[in-house]
Amino acid sequence: MARFFWGAVLVGLIMWTGCAWQTREEPPSPDTLSLLFQQANIPVGAVRVVNLLPTSQPLVFTNGLEAPRGTLQTLSTASNLVGNPNGFYSVVKAYHVPNNDRDPIRLMGAALIKPGQTEVAISVESTALSMVAYWDWVDWITLGLPSLEAIEPQVQQHPRYSELVRRIRDAVERGESPYEDDGIVALSAEIAGDLVANLIASLPNTIEPLSQSPTDTPDVRFVGGALEVTNNTSITWAAGWMGYESEQILSTGREVVIPEADLSFRWLTGPATKTLNLSGSLDGRYLVCLVPSALGGWSKTNGAFPLQDLLVDLNGIATTRGWIEFALTLSGFVGPGGDLVDAALDESVLSAMVAIANAGVNAYFNDVEYQIGRAEYARNLHRLRIVISQDRIARIEREIADPNLRSNPGAQWKDLAQKYRSDIAILGRKRGKNYFTKSGEVDLRFSNQVGLYVLNQERALLQQQLNRELRAAQEVERRLGQLKGVKSFGKFLVVPTIVDTLGMTYDVVKYKDTYACYDVQVGTAGIRPTLGPNMQVTPPEISNGRKDETYVFNIKVLHLTQQSANFSLSWNFGDGTTGSRNVSASRSPHNESISHAYSNPGAYGLTIQLSAGTTRASQVVPVYIEMPEQSNDYNLNICNVWKAANSGGYGITRDNWDISVIPDGAVFDIAFDTYSIPDRIFVEYPVGTQVLDTGWRGSSRYDGDPKYPGGISGPGAGQFDNIFRKQPGQNTFRVTVVGPDPGTAWKYSIRCRTGVSPQSAGPTEVSPDPEAQRLFRNNPER
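Residues numbered from 1 in each chain as written. Predicted model: local features only at pLDDT ≥ 70, side-chain atom pairs only at ≥ 80, totals over all residues. Heavy atoms only, no water.

(A) Highlighting the packing of aromatic side chains. Counted by the stated rule, this structure contains 11 aromatic pairs. One aromatic cluster in this structure is built from Tyr 634, Trp 657, Phe 668, Tyr 685, Phe 724, Phe 733, Trp 746 and Tyr 748. Lying across the ring of Tyr 244, Arg 285 places its NZ or CZ 3.8 Å from the centre. Its end group placed over the ring of Phe 436, Arg 421 keeps NZ or CZ at 4.2 Å from the ring centre. (Phe/Tyr/Trp six-rings, centres within 6.5 Å; stacked < 30°, edge-to-face > 60°. Lys NZ or Arg CZ within 6 Å of the ring centre and 35° of its normal.)

(B) Summary view of helix H5 (residues 161-173). Between its first and last C-alpha, H5 extends 18 Å over 13 residues, near the 18 Å set by a 1.5 Å rise per residue. By the burial criterion, the buried members of H5 are Tyr 161, Leu 164, Val 165, Ile 168, Ala 171 and Val 172. Taken down its axis, H5 places every buried residue within 130 degrees of arc, on the same side. Downstream of H5 by a residue or two, Gly 175 has a phi angle that is positive, lying close to 80 degrees. (Helix = DSSP H or I, 4+ residues; strand = E, 2+ residues; numbered from the N terminus. Expected span 1.5 Å × (residues − 1). Buried < 20%, exposed > 50% of the residue type's maximum accessible area, 1.4 Å probe, protein only. Arc of directions from axis to C-beta.)

(C) View of the sheet that holds strand S26 (residues 651-658). Ordered in space as S24-S26-S32-S28-S29-S30, the six strands form an open sheet in which the pairing is mixed. This sheet does not close on itself; its edge strands, each paired only once, are strand S24 (629-635) and strand S30 (712-714). Taking each pair of neighbouring strands and ignoring which way they run, the sheet shows an average axis angle of 25 degrees. In this structure, S26 lies alongside strand S32 (residues 732-739), joined through eight bridges in antiparallel fashion. Note that in S32 the partner of Trp 657 across the bridge is Phe 733. (Pairing = 2+ DSSP bridges. Axes fitted to C-alpha atoms, helices over the stretch in contact; angles between N-to-C directions.)

(D) Just helix H12 (residues 421-431), in detail. Ile 424, Leu 427 and Gly 428 are the residues of H12 that are buried. Taken around the axis of H12, the buried residues stretch over an arc of 100 degrees, which confines them to a single face. Seen from the open side of H12, the exposed residues pointing more than 90 degrees away from its buried face are Arg 429 and Lys 430. After H12 finishes, the residue Gly 432 shows a positive phi value of roughly 70 degrees.

(E) How the structure looks around the environment of Arg 546. With respect to the helices and strands, the residue Arg 546 is situated in the loop between strand S17 (542-545) and strand S18 (550-558). Overall, Arg 546 belongs to the exposed group, its relative accessible area being 51%. Sequence spacing of Arg 546 and Val 623 is 77 residues, and the spatial spacing of their C-alpha atoms is 10.0 Å. Those residues in contact with Arg 546 that lie beyond four places of it in its chain are Tyr 551, Ile 625 and Glu 626. (Contact = heavy atoms within 4.5 Å.)

(F) Molecular detail of the pattern of salt bridges. On inspection of all chains with the given rule, the structure shows 28 salt bridges. Note that Glu 477 is salt-bridged to Arg 379, the shortest N-O span being 3.7 Å. In this pair, Glu 477 is assigned in helix H13 (residues 447-488) and Arg 379 in helix H9 (residues 348-401), connecting sequence segments 98 residues apart. Here Glu 477 falls in the partly exposed class, since its relative accessible area comes to 34%. The closest approach of N and O atoms between Arg 654 and Glu 541, which form a salt bridge, is 2.3 Å. Pair noted here: Arg 654 is in strand S26 and Glu 541 is in the loop between strand S16 (534-538) and S17, with a separation of 113 residues, a long-range link. One network of salt bridges, with partners in common, ties together Asp 669, Asp 721, Arg 751, Arg 753 and Asp 769. (Salt bridge = Lys/Arg side-chain N within 4 Å of Asp/Glu carboxyl O.)

(G) The side chain of Arg 725, seen in detail. In this fold, Arg 725 is placed in strand S31 (residues 717-725). Buried charge without a salt bridge: Arg 725, with Asp 669 as the nearest opposite-charge side chain at an N-O distance of 9.6 Å. Of the polar contacts made by the side chain of Arg 725, one reaches the backbone oxygen of Gly 665; its length is 2.7 Å. (Lys, Arg positive; Asp, Glu negative; His and termini not counted. Polar contact = N/O pair within 3.5 Å; in protein donor to acceptor, adjacent residues only side chain to side chain.)

(H) Expanded view of unusual backbone geometry. In this model, Thr 538 is joined to Pro 539 through a cis peptide bond whose omega is -5 degrees. Looking at the element boundaries, Pro 539 is found in the loop between S16 and S17. Of note, the amide linkage connecting Tyr 685 to Pro 686 takes the cis form, showing an omega dihedral of -15 degrees. Mapped onto the elements of the fold, Pro 686 is located in the loop between strand S28 (679-684) and strand S29 (690-697). Of note in the backbone geometry, Glu 247 takes a positive phi value of approximately 55 degrees without being a glycine. By the secondary structure assignment, Glu 247 is in the loop between strand S9 (237-243) and strand S10 (249-251).

(I) Representation of the environment of Tyr 453 within the structure. Relative to the helices and strands, Tyr 453 is located in helix H13. Exposure remark for Tyr 453: the relative accessible area of 22% places this residue in the partly exposed category. A C-alpha to C-alpha distance of 9.4 Å links Tyr 453 and Asp 423, two positions 30 residues apart in sequence. Excluding anything up to four places from it in sequence, Tyr 453 contacts Asp 423, Ile 424 and Leu 427.

(J) Inspection of the confidence of the model for the chain at higher detail. Across the chain, pLDDT averages 75, with 73% of residues at or above 70. A low-confidence stretch, residues 488-510 (pLDDT under 50), is modelled with 106 contacts involving residues beyond four sequence positions or located in other chains. (pLDDT = per-residue confidence, 0-100.)

(K) Broad picture of the state of the cysteines. Inspection of the entire model under this criterion finds two disulfides. The disulfide partner of Cys 289 is Cys 517, and the S-S distance across this bridge is 2.1 Å. Looking along the S-S bond of the Cys 289-Cys 517 disulfide, the torsion reads about 105 degrees, which is the right-handed sense. Of the two residues, Cys 289 is situated in strand S13 (residues 285-292) and Cys 517 in strand S14 (residues 516-521); the sequence distance between them amounts to 228 residues. The exposure class assigned to Cys 289 is buried, which follows from its relative accessible area of 0%. We classify Cys 517 as buried; its relative accessible area is 4%. Each disulfide pairs two cysteine sulfurs, and for Cys 639 the partner residue is Cys 752, the sulfurs being separated by 1.9 Å. On the sign convention where negative means left-handed, the S-S torsion of about -115 degrees between Cys 639 and Cys 752 marks this disulfide as left-handed. With a gap of 113 residues between them, Cys 639 in the loop between S24 and strand S25 (643-644) and Cys 752 in strand S33 (residues 747-753) connect regions that are remote in the sequence. Each member of the pair Cys 639 and Cys 752 is classed as buried. (Disulfide = S-S within 2.5 Å.)

(L) Expanded view of the pairing of S29. The element S29 is extensively covered by neighbouring structure, given that six of its eight residues are classed as buried. Pairing analysis gives five bridges linking S28 to S29, with the strands arranged antiparallel. Within S29, the residue paired with Arg 680 across the bridge is Trp 696. Hairpin connection, S28 to S29: the antiparallel pair is bridged by five residues, and Gly 688 has positive phi, about 110 degrees. Relative to S30, S29 runs parallel, the two sharing two bridges. Note that in S30 the partner of Trp 696 across the bridge is Ile 712.

See below:
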């Protein structure tokens, strides 16, 4: 039924596009598609179609492309020559187009055109392969196969493939479309489902959901102060953003990222890069999220979880726009710029079409749920039968082992004797005995021999039944595991193309329930990938604390979805005191608090970690209890050379650097040596916005020392490049060094660089520059 449903949607859209062409004042040139391929520098080759279908009906062959010779192949052209973009796959279809307006257009067969082919045959067998593997497109590569063609022998080896071929042949010979035969559609879907389920079962961690962050996401970077998104993936993505702390959705529906050309079961459109006009956040900090065109599992929360609501909106925008781009492009409506796509987004007919498509996919997965229910019922029934058989065998074995039980008036074998009456008589004749009395009852003088025989026969029969039930239960359990794997795999079945004029489909299997989010700070051009929950702790620092005074730390948990609403918090106050709690949030953001009093002077790091599934977020809050403080002011007036700060030691040192004469766009690096005794270095730009935390740097022998919560993150000598990029009007940055041990010592140097690529990569640790290290005097004792 699912495939019939998509066929109806396809026919409906073909009819709609046909009507649209008739009402358009200036129909587009019939070679629009070829022009689009030319713009993408993709040559189109000629492919001759050979008809091997068992029908005398006239057929039209099309995949919607213009071959080098001939005209654009549409439903009104009966040429056997079609085009195929070099290096790509497409599907050629055979239609019967009647000469009257009463009878419907019928799709009779199809075949896959592979890269490099110049001739392809449409046959009953190619149609069977197409219906299983290339009509409702499944991502066989993601499921572990080395190529698209690798699925063909598996389809042909399926036990019911020959039945599918026979039924397709019968339908075509009758002049009927196999795609409109519910039985044929169901059989092809069953074969495809078996193959997919078997492949899923062979994958590692098949029951685990897909990662929320696919590797092939669009690139995000700052260029000239603007945030650009470059999409080199194969599908449409939608971008939107929220105020980082307020979680107020600031933009949806306007910034839609469109892919560049990729036609391998996909579509052609453009452009490849969009500039996001970020606005609305008071502090210039945003959570920017990208969601791909896929039928996701997100649901609206009506403001309870703003991030999830944003993902819902973006998912709908990307999916709807992707389908409309595809449909209109292949119908010749979309040229460069895509203005008609934007206009079409509000058309009720297209909205209804998308709603129908969603309903069809939901119907399919409702059927998966139904099959799971049936499999669970069958499994439970087999389990019950197994328990009953095992109980009966156990009681029989007890009677076999105990003569007293066999002689008991209620012995089991007596009830079973009539069942084996003829066998008992034959056994008696072989032994020269009559085991029955004149009244026809078993002679009790032979109860031991007859009883043992009857019980052994019954045990053997029950054991056979038990073995069958065990095998059946195992098969049902395997099938149930496959069905659940299919369900959890992330809706493996790719959305069939709504318009299949070109015969190309695209796969969105790995994008279901996926998204990519970035913590973007406009002022510093900072971009940090982030997934799921994050948190902010206030106060962010206690700089002049006093011992035995209780301090309260408020934890604001941000960016929760319903999937991450149940999370855990754990913390280490840095003086050996730890704690944890499980939290169930009903809204986002969510607030928690913890408190603590420090009993001794020193520098501590309160470490708080949030865990939601596989997502982790942590924050370190510096706490300085009755420690000495000092500050210094420096001027940096030249780039491309290192400038050393004064050396320091125990306590908290805050150094403010004036960079007003440094040109905008310069990037800054830091090199340091904390020697053996660990210290920690923070950089803020602008002051108040942390852009670097080195962690505790020093000898690994201090790992586990409560003075250094979280452990030692690296050796004393280190260097970080690209800490930040100078922004207009931001002329000061701060370096804070924390040294909790009275015997410590440290040094650091700063460098700015000009003429660096505008892409903001964020801090990156690199090997120490010898020129910077020359400024440091070795101090191995410390």
